[in-house]
Amino acid sequence: MSSADVEAHPPGLLTTDAEDALRALRAGRLAVLPTETVYGLGADATDPHAVARVYAVKGRPADHPLIVHVASAQALPSWAVEVPDYASRLAEACWPGPLTLVLPRHADVPDAVTGGQDTVAVRVPDHPLTLQVLRAFDGGVAAPSANRFGRVSPTTAGHVLDELGDVLVPGRDVVLDGGPCTVGVESTILDCTGPAPRVLRPGAVDEPTVRTVGGVAVVAGPSRVRAPGSLASHYAPQARVRLVDAALLRRHPGVPPTGPPDTGVLAPADVATPLGMVRLSAPGTAAAYARVLYAALREADALDLREVLAVPPQGAGLAAAVRDRLSRAAAAG
Ligand code: TXA
Ligand code: MG
């Protein structure tokens, strides 16, 4: 984040002190929290007014439920019931980490958090500052990604200020700066309401891990559980995102530079940039791709590009999660 980004926004939002975030949550205010995946816009999950503000600030429809963030797997029984053994094993092994479990909700979970559904999504994020907040808070923090609805998720505190700097209230709400997110794409979401898990959103915890740790194979096909955030069009910058394959880009003749470039390229490091286009990022691995993905899409807008040509990474695991996000960003154009 450049100092110019910070100076463009009102003072009094940004902090590096977990105590400030804790104080905001306890006062029914909003605290943006860093996680290993993306930054989350947090509120006390048991406070319907605070949760209502999360929806208002994001511009998110009320039937899109929020993930409840807790300090450890020991908190699970306060939020969920009928936890299958495979889900307990996954919670024990993968938390803190980029895995969200959707389970039948405990009767006390407010409707505001679950969007009126009979399930609740729970995860323990892996970030030292946020774990410090959650342990001290000793409750649940409902937090969606800290972006405007449908837009690119933030992976730095600077991105959060760009997204929400004008709607959060300085001196009352806070943005806890925990540095750049180390994973960079949202958690894997698993529907754990049946005898075997289903993937609702791919992320860093992949199917072989779920199978090995959970001891049950992942089932494919549509889920009974509705995950409204999984819209075909999501994660979109202003620039149009077009998916292209590496071979096509390698053959691209390029465009003779007549003015500032209007096309960006996001592609693995072994794919060169055609003449006249601007390189947004050249990640060498799927993990690097995931880490830079959202910053690169934001950079496209900062440069006022018309189009981003994206070569998706190959392979399973995180590469599949990146392809999922890229195809949703492309669907928005
Ligand atoms: O990595 C992440 O999961 C980040 C960080 C902040 O933890 N959070 C995040 O939240 O991505 P959000 O709200 O942007 O995406 C959560 C997704 C949405 O698609 C929502 O519909 C789904 O989880 N979801 C939440 N509760 C659910 C439930 N009870 N049943 C099915 N889907 C649910
Ligand atoms: Mg989101």
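As shown above, the structure is provided for reference.
Here the structure is a predicted model, which means the values were calculated and not measured.

J.: Just to check I follow, could you spell out the pattern of salt bridges for this structure?
T.: A side chain with one charge can pair with a side chain of the opposite charge if their charged atoms come near. For the structure shown, the criterion picks out 14 salt bridges. Its salt-bridge partner being Asp-173, residue Arg-29 comes within 3.4 Å of it at the nearest N-O pair. A residue pair is termed long-range when its members are at least 10 positions apart, and Arg-29 in the loop between helix 2 (18-26) and strand 2 (31-33) and Asp-173 in the loop between helix 8 (157-164) and strand 8 (174-176) qualify at 144 residues. As a salt-bridge pair, Arg-240 and Glu-307 come within 2.7 Å of each other at their nearest N and O atoms. With Arg-240 in strand 11 (residues 240-243) and Glu-307 in strand 14 (residues 307-310), the pair connects residues that are 67 residues apart, well separated along the chain. When salt bridges with common partners are traced through the structure, they connect Glu-186, Asp-324, Arg-325 and Arg-328 into a single cluster.

J.: So what exactly am I meant to see when it comes to the sheet that holds strand 6 (residues 119-123) here?
T.: Two pairing modes exist for strands in a sheet, parallel and antiparallel, and in both the strands are linked by backbone hydrogen bonds. Read across the open sheet, the 10 strands follow the order 1-8-2-3-7-4-6-5-9-10; overall the sheet is mixed. Unpaired on one side and paired on the other, strand 1 (14-15) and strand 10 (198-201) mark the two borders of the sheet. Pairing between strand 4 (residues 67-69) and strand 6: three bridges, direction parallel. Directly across from Val-68, in strand 6, lies its bridge partner Val-122.

J.: What am I meant to see in helix 2 here?
T.: The α-helix winds at 3.6 residues per turn, so residues separated by three or four positions along the chain end up facing the same way. Those residues of helix 2 not exposed but buried are Ala-18, Ala-21, Leu-22, Ala-24 and Leu-25. What you see down the axis of helix 2 is that its buried residues fit within an arc of 160°, all on one side. Facing away from the buried side of helix 2, by more than 90 degrees, are the exposed residues Arg-23 and Arg-26. The elements touched by buried residues of helix 2 are strand 2, strand 3 (40-44), helix 7 (128-137), strand 7 (141-142) and strand 8. For helix 2, the capping residue at the N-terminal end is Asp-17, with a side-chain oxygen 2.9 Å from the backbone nitrogen of Glu-19. Just downstream of helix 2, Gly-28 is the residue with a positive phi angle, here 80°.

Reading guide: rules and limits
Chains are numbered independently. Their residues run from 1 in the order of the written sequence. Written order determines the labels here, with chains lettered from A and ligands numbered from 1. pLDDT decides what is reported in this predicted model: residues at 70 or higher carry local features, side-chain atom pairs at 80 or more are listed and counted, and totals for whole chains, interfaces and linings draw on all residues regardless. Side-chain measures here rest on the full set of heavy atoms in the structure, leaving out hydrogens and waters. We define a salt bridge as a side-chain nitrogen of Lys or Arg found within 4 Å of a carboxyl oxygen belonging to Asp or Glu. Secondary structure is summarised from DSSP: a helix means a run of H or I of at least four residues, a strand means a run of E of at least two, and numbering begins at the N terminus for each. Two strands pair under a simple rule: DSSP has to find at least two bridges between them. Summary of the burial criterion: residues with accessible area below 20% of their type's maximum are buried, those above 50% are exposed, and those between are partly exposed, where the area comes from a 1.4 Å probe applied to protein chains only. An arc is given here, and it is the one of the directions from the helix axis to the C-beta atoms. Note on definitions: a residue-residue contact is assigned when non-hydrogen atoms from the two residues lie within 4.5 Å. Any pair of nitrogen or oxygen atoms within 3.5 Å is treated as a polar contact; in protein, a donor-acceptor pairing is required on top of that, and neighbouring residues in sequence qualify only through side-chain atoms on both sides.

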